[in-house]
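Observations on the model geometry
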Amino acid sequence: MYNINKDLANILYKMAAIYEFKDDTFRARAYERAAHIVEDLPDDIRNYVKEGKLLSIKGIGPGIASKIEEYIRDGKISKYEELKKEVPEDFIELIDFPGIGAKSLKKIYQELGITTKNELIKALKDGRVEQLKGFGKKKVEGMLKAIKMHEIAQRRMLLWHALELANYIVEELKQLKEIRKIEIAGSIRRRKITIGDIDILVVADDNDRHKIMDFFVSLPEVKEVLVKGDKKTSVIIKTKSGREKQVDLRIFREDEWGAALQYFTGSKEHNVHVREIAKEKGLKLNEYGVFKVDTEEKIAGKTEEEVYNAIGLPYIVPELREDRGEIESAIKGELPDLVEFSDIKGDMHVHSNWSDGVNSIDEIIRFVKEKYKYEYIVITDHSKSQRVAHGLDENRILEEIEEIRKLNKLIGFDFIKIGTEVDILLDGSLDFPDEILAKLDFVVASVHSHFKRDNTDRILKAMENPYVNVIGHPTGRLIGVREGYPVDLDAVIKKAKETGTALEINCQPLRMDIEDTWIRRAVEEGIMLAISTDSHNLGSFEYMKQGVWLARRGWATKKNILNTRSWDEVLKFVNEKRKKMGGIPVGA
DNA sequence: GCCGTTTTCGGCCCGACTGTTTTCAGTCG
């Protein structure tokens, strides 16, 4: 999906970097904050401008607002064009490399006249930088390493993979009996869909710190030690699949645990906001506890609840900690009661070997009934246009319906519901005629072709079909592989509300589609969401958990999620739409 | 550049680690 917000945010980030270079730290911070806000907006920034609401966004004042307006009007920001001339082009990028700071770059620029990345690398290697006052051998090595490492840091890992890696390290560390508590913090704990690095926190006695850190750096997967102290150690881990990731380990005392967890779970923006509130109340919050500023007396720190309560807030779950209004809601006592995995009653998007799934329906039944407490599974094999996926034609799906009826009879109840993932064709019509769709219990409709064009019209038309219950993976994006196709999700949400159609939260690690900010918009509009695994094999059913996490990051409660309902209630949802849009009710 | 039930000016989160230093600046998260 083409997104002007992301482009604008990028420029604001670059302006922040330039101000950092110019030693204008606070202005840099303001731009960085604004960039972050723009990036997070669910709605197109142009709508805020149109409605004159730009200045009502906290963190955007008259200065940045006028630059945003200029960007929308002229496609550029003249101040940025001006600033770019003051800083070598390569350096704007280099400032954001972890391990290289604006101050060092500035000194190298001023004293050596270096302006490009390649010249910089050369000067670092031939000893010119090392001669500068304040620089030395180690520092030069560090900068070279930072340039090399940048690529690793840029390649963010998918949540599911990062979690597997983090869990493995946790299991290794648990061998040490000196570790009394251990927890994964950072963006993994907040369940962000991609992960930069891994933060692990432990509780141990002061005397055991060295032993733990020594053990940590000696793990066979550790490729490089970046820093090693007795409170904090950072390493680069290389996984069997060749992926490299930074892992930080920090050790705390028992009575600091809650403050440490709170601090290192972040987000940075959430923490800054929380600490501002603490400050207003004459309190100081750091990773060791909550303290009274005047007397230095420690008043909280053992648990996260205690930390939040000490500064007058209720506990805020990690998934909400992004400074997207959760603190204001917490103050008002209006935090949502988020959906949980245990609320899930079924999976509404599953492929069997009738199309491109690996397993037979029988195998799926046995596996799912054993492992999950679901009341139903909807089998949604592909329709005929998906030739590569062995999509079913009209005859084959009728055969599949018969097979499912037989299998349900064997287990004594209708555990398997009959569905399809029907292709939305180029003109917005569907790959099955209504007569076939009317025979099914549940219909997922998805776009699988023409990813370059704006697909809003196709999706809106598909939603008007009385038998379409969910729009599958609404944007079609594959994280780090393919941008989503252009689609106006605001229009889709509006149509969903109008027609009684749900939107999917697709749990596949590469998809995680739709994103949290859009889920939140859907929740605000009161439309229904279905968390679905889109499973093609038995292992994929486990992804339901990360779909629930994503929904939680979008502030979804149980009532927003269609598959927290019993099948009778789902049928009501299906039949309401069929009635409203002129279709035949299920089973009629 | 942004923000404000102590402020429209004067603040802007806070501590660990490293390297280059003899007490601290730079950088990170």
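Quick summary incoming for the structure in this document. As the structure is a prediction and not an experimental result, all values here were calculated from the model.

Here we come to the overall build of chain A. Helix and strand content of chain A: 25 helices and 17 strands. For chain A, the spread of C-alpha atoms along the three principal axes comes to 85 × 60 × 50 Å. Residues counted as buried form 41% of the 588 residues belonging to chain A. In chain A, once contacts between residues fewer than 6 apart in sequence are set aside, the share between residues at least 24 apart is 65%.

Below, the discussion takes up the sheet that holds strand β10 (residues 298–300). The antiparallel open sheet is built from 3 strands, whose spatial order is β8-β9-β10. Among the strands making up the open sheet, the edge pair consists of β8 (283–286) and β10. This sheet shows a mean twist of 35° between the axes of neighbouring strands, independent of strand direction. Two strands pair when backbone bridges link them, and strand β9 (residues 289–292) and β10 are joined in this way by 2 bridges, in the antiparallel orientation. Note on β10: the bridge partner recorded for Val290 is Ala300. Along the sheet face, helix α15 (residues 268–280) touches β8 and β9 and points at about 155° away from the line of β8.

The next thing to look at is unusual backbone geometry. The bulk of non-glycine residues show a negative phi, and the bulk of peptide bonds are trans. The omega angle of the peptide bond from Gly266 to Ser267 is -5°, so this bond is cis rather than trans. Topologically, Ser267 is positioned in the loop between α14 (257–265) and α15. Ile514 follows Asp513 through a cis peptide bond whose omega is 20°. Although it is not a glycine, Glu296 adopts a positive phi angle of roughly 70°. Among the secondary structure elements, Glu296 is positioned in the loop between β9 and β10. The phi angle at Asp534 is positive, at roughly 55°, despite the residue not being glycine. One can find Asp534 in the loop between β17 (529–532) and α24 (544–553). Asp534 gets classed as buried once you count the C-beta atoms within 10 Å, which come to 24.

Taken together, 38 residues are adjacent to DNA strand B, and Gly61, Gly63, Gly101, Gly136 and Gly229 come closest. Contributing elements (two or more residues each) for the surface near DNA strand B: α2 (25–40), α4 (62–74), α7 (102–112), α10 (137–154), β5 (222–228), α15 and β8. Here the surface near DNA strand B is built from residues that sort into 12 nonpolar, 11 polar and 15 charged.

What follows covers the sheet that holds β17. Ordered in space as β11-β12-β13-β14-β15-β16-β17, the 7 strands form an open sheet in which the pairing is parallel. Each edge of the sheet is formed by a strand with only one pairing partner; in this case those strands are β11 (346–350) and β17. Where strand β13 (residues 416–423) and strand β14 (residues 442–446) come together, 5 bridges link them in parallel fashion. In the sheet register, Val422 faces β14, and the bridge partner there is Ala445. Running over the sheet, helix α19 (residues 394–411) touches β12 (376–382) and β13 and is turned about 160° from β13.

Residues Ile519, Leu529, Ile531 and Ala551 are the most contacted members of the largest nonpolar core, which totals 114 residues. Apart from the residues within four sequence positions on either side, Ile531 is in contact with Ile344, Ile505, Cys507, Met544, Gly547, Val548, Ala551, Ile561 and Asn563. Counting 37 residues, the second-largest nonpolar core is a separate cluster that includes Ala28, Ala102, Ile114 and Leu120.

Cut-offs used in this document
Residue positions are given per chain, counted from 1 along the sequence in the order it is written. Chains carry letters and ligands carry numbers; both start at the beginning, A for chains and 1 for ligands, and go up in the order they are written. The model is predicted, so local features are restricted to residues of pLDDT at least 70 and side-chain atom pairs to those at 80 or more, both for listing and for counting; the totals for chains, interfaces and linings are taken over all residues. Going along the chain from the N terminus, every DSSP run of H or I of four or more residues is numbered as a helix, and every run of E of two or more is numbered as a strand. Here a residue counts as buried when 20 or more other C-beta atoms sit within 10 Å of its C-beta, as exposed when there are 12 or fewer, and as partly exposed otherwise, the C-beta atoms being derived from the backbone. Here contacts are defined at the residue level, using C-beta atoms placed from the backbone and a cut-off of 7 Å between them. Pairing between strands is defined by DSSP: at least two bridges between the two strands are required. To obtain each axis, a line is fitted to C-alpha atoms, and for helices this fit is confined to the stretch in contact; angles are then taken between N-to-C directions over 0 to 180 degrees. Near residues are defined by distance alone, with the backbone-placed C-beta atom required to lie within 6 Å of the molecule or strand. For this classification, the nonpolar set comprises Ala, Val, Leu, Ile, Met, Phe, Trp, Tyr, Cys and Pro, the charged set comprises Asp, Glu, Lys and Arg, and every other residue, Gly included, is treated as polar. Remark: nonpolar core denotes a set of buried Ala, Val, Leu, Ile, Met, Phe, Trp, Tyr and Cys residues whose joining runs through C-beta atoms within 7 Å.

The analysis is restricted to geometry; functional conclusions fall outside its scope.
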